[in-house]
Amino acid sequence: MEIFLIGEYLKSERVIMREIEEKDWVDVHKYASQQMVCQYQPWGPNSEEESEEFVKQVIIDAKKKPRSRFVFAIILRGNGNMIGAAELNIQDYSNKIGEIGYIINPDFWGMGYASEAAKLLIGIGFEQFNLHRIYATCDPRNVASSKVLEKIGMTKEGRMREDLLLKDGWRDSLLYSILVHEWSGK
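Notes on the structure in this doc start here. (Residues numbered from 1 in each chain as written. Predicted model: local features only at pLDDT ≥ 70, side-chain atom pairs only at ≥ 80, totals over all residues. Heavy atoms only, no water.)

**Some details on unusual backbone geometry**
Negative phi is the rule for most residues except glycine; trans is the rule for most peptide bonds. Selection rule: Counting from the N terminus, the helices are DSSP H or I runs at least four residues long and the strands are E runs at least two residues long. The classification of residues rests on relative accessible area computed with a 1.4 Å probe and restricted to protein chains. Under 20% of the type maximum is buried, over 50% is exposed, and intermediate values are partly exposed.
Note the cis peptide between Gly 44 and Pro 45, where omega equals -5°. Among the secondary structure elements, Pro 45 is positioned in the loop between helix H2 (35-38) and helix H3 (48-62). Geometrically, the link from Lys 65 to Pro 66 is a cis peptide bond, its omega value of -5° lying close to zero. Backbone geometry places Asn 130, a non-glycine residue, at a positive phi of 55°. Tracing the chain through its elements places Asn 130 in the loop between helix H4 (113-127) and strand E7 (133-138). Even without being glycine, Glu 162 reaches a positive phi, approximately 40°. As for its position among the elements, Glu 162 is in strand E8 (residues 155-166). Exposure remark for Glu 162: the relative accessible area of 52% places this residue in the exposed category.

**Notes on the packing of helix H1 (residues 25-32) against H3**
Here is the rule we go by: Only the stretch in contact is used when a helix axis is fitted, and all axes are lines through C-alpha atoms; the angle between N-to-C directions ranges over 0 to 180 degrees. Working rule for angles: under 35 degrees goes down as roughly parallel, over 145 as roughly antiparallel, 65 to 115 as roughly perpendicular, anything else as oblique. In this scheme, a crossing is called left-handed if the near helix is turned counterclockwise away from the far one by less than a right angle; it is called right-handed if the turn is clockwise. Residue contacts are defined here by distance: any two heavy atoms, one from each residue, within 4.5 Å place the two residues in contact. Side-chain classes are defined by residue name, with Ala, Val, Leu, Ile, Met, Phe, Trp, Tyr, Cys and Pro counting as nonpolar, Asp, Glu, Lys and Arg as charged, and the others, Gly among them, as polar.
Where H1 contacts H3, the axes come no closer than 9 Å and their chain directions differ by 125°. The orientation of H1 relative to H3 falls into the category oblique. Relative to H3, the crossing made by H1 is right-handed. Across from Trp 25, Val 28, His 29 and Ala 32 in H1, the residues of H3 making contact are Glu 48, Ser 51, Glu 52, Phe 54 and Val 55. Residue classes in the contact of H1 with H3 are distributed as five nonpolar, two polar and two charged.

**Some details on the environment of Arg 161**
With respect to the helices and strands, the residue Arg 161 is situated in strand E8. Linking Arg 161 and Thr 137, residues 24 residues apart in sequence, is a C-alpha distance of 12 Å.

**Points about the pattern of salt bridges**
Keep this limit in mind: By definition, a salt bridge exists where a carboxyl oxygen of Asp or Glu is found within 4 Å of a side-chain nitrogen of Lys or Arg.
For the structure on display, the rule yields 14 salt bridges. We note a salt bridge from Asp 24 to Lys 23, for which the minimum N-O separation is 3.9 Å. Two residues, Arg 159 and Asp 172, come together in a salt bridge whose shortest N-O distance is 2.7 Å. Of this pair, Arg 159 sits in strand E8 while Asp 172 sits in strand E9 (residues 169-179), and the two are 13 residues apart along the sequence. Taken together, the salt bridges that share partners define one network made up of Arg 18, Glu 21, Lys 23 and Asp 24.

**Here we look at the packing of aromatic side chains**
Keep this limit in mind: Pairing of aromatic rings covers Phe, Tyr and Trp, the last through its six-membered ring, and needs centres within 6.5 Å; plane angles under 30 degrees mean stacked, over 60 mean edge-to-face, and all others mean tilted. Charge-over-ring contacts are defined here by two conditions on Lys NZ or Arg CZ: a distance within 6 Å of the ring centre and an angle within 35 degrees of the ring normal.
The tally for this structure, following the rule as stated, stands at three aromatic pairs. Here Phe 108 and Tyr 113 contribute two aromatic rings whose centre-to-centre distance is 6.3 Å and whose plane-to-plane angle is 75°, an arrangement assigned as edge-to-face. The exposure class of Tyr 113 is buried, given its relative accessible area of 12%. With a centroid separation of 6.3 Å and 50° between ring planes, the pair formed by Phe 126 and Trp 183 is classed as tilted. Of this pair, Phe 126 sits in helix H4 while Trp 183 sits in the segment after E9; the two residues are 57 residues apart in sequence, bridging distant segments of the chain. Relative accessible area serves as the criterion here: at 11%, Trp 183 is assigned to the buried category. Above the plane of the ring of Tyr 113 lies Arg 14, whose end atom (NZ or CZ) is 4.1 Å from the centre.

This is how it looks when you write it as structure tokens:
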């Protein structure tokens, strides 16, 4: 897959990713307010105010120096609709480590958009930020997310026990990663 970084846009065959803008809170809220979307997350379902606050915090974080958080709206090329968000966090500049995450509106689940967005994040992590290792975590019950991470070439490293506190108690996380020499711009 070819990755194009044009200004603040990332492009692939079916999606364009651009930095989150203030107006995006409305589209964020469409999925972040749904229980099924946040069932494996420590947040949500969001109120309108929480969705607005998320977007405001993303914009604040984008202005920090050095910047470590990059959050993109996932936009369908065909109609320009925002269907989710994808995030790259540079966890350690010295050791060149980044973390990715993504969330998709359930109306678009199972269509490959999460994989496409995650590949774009990995591409900029390795190609633009010269990272050596990129990782992601997911709830072991979230089979769809595990499949996305495997599909994009990440290796399952193991299970971190009770590392995240959810509303209903502690959850384990599966840890996946990919190293720069394993990436071929898939």
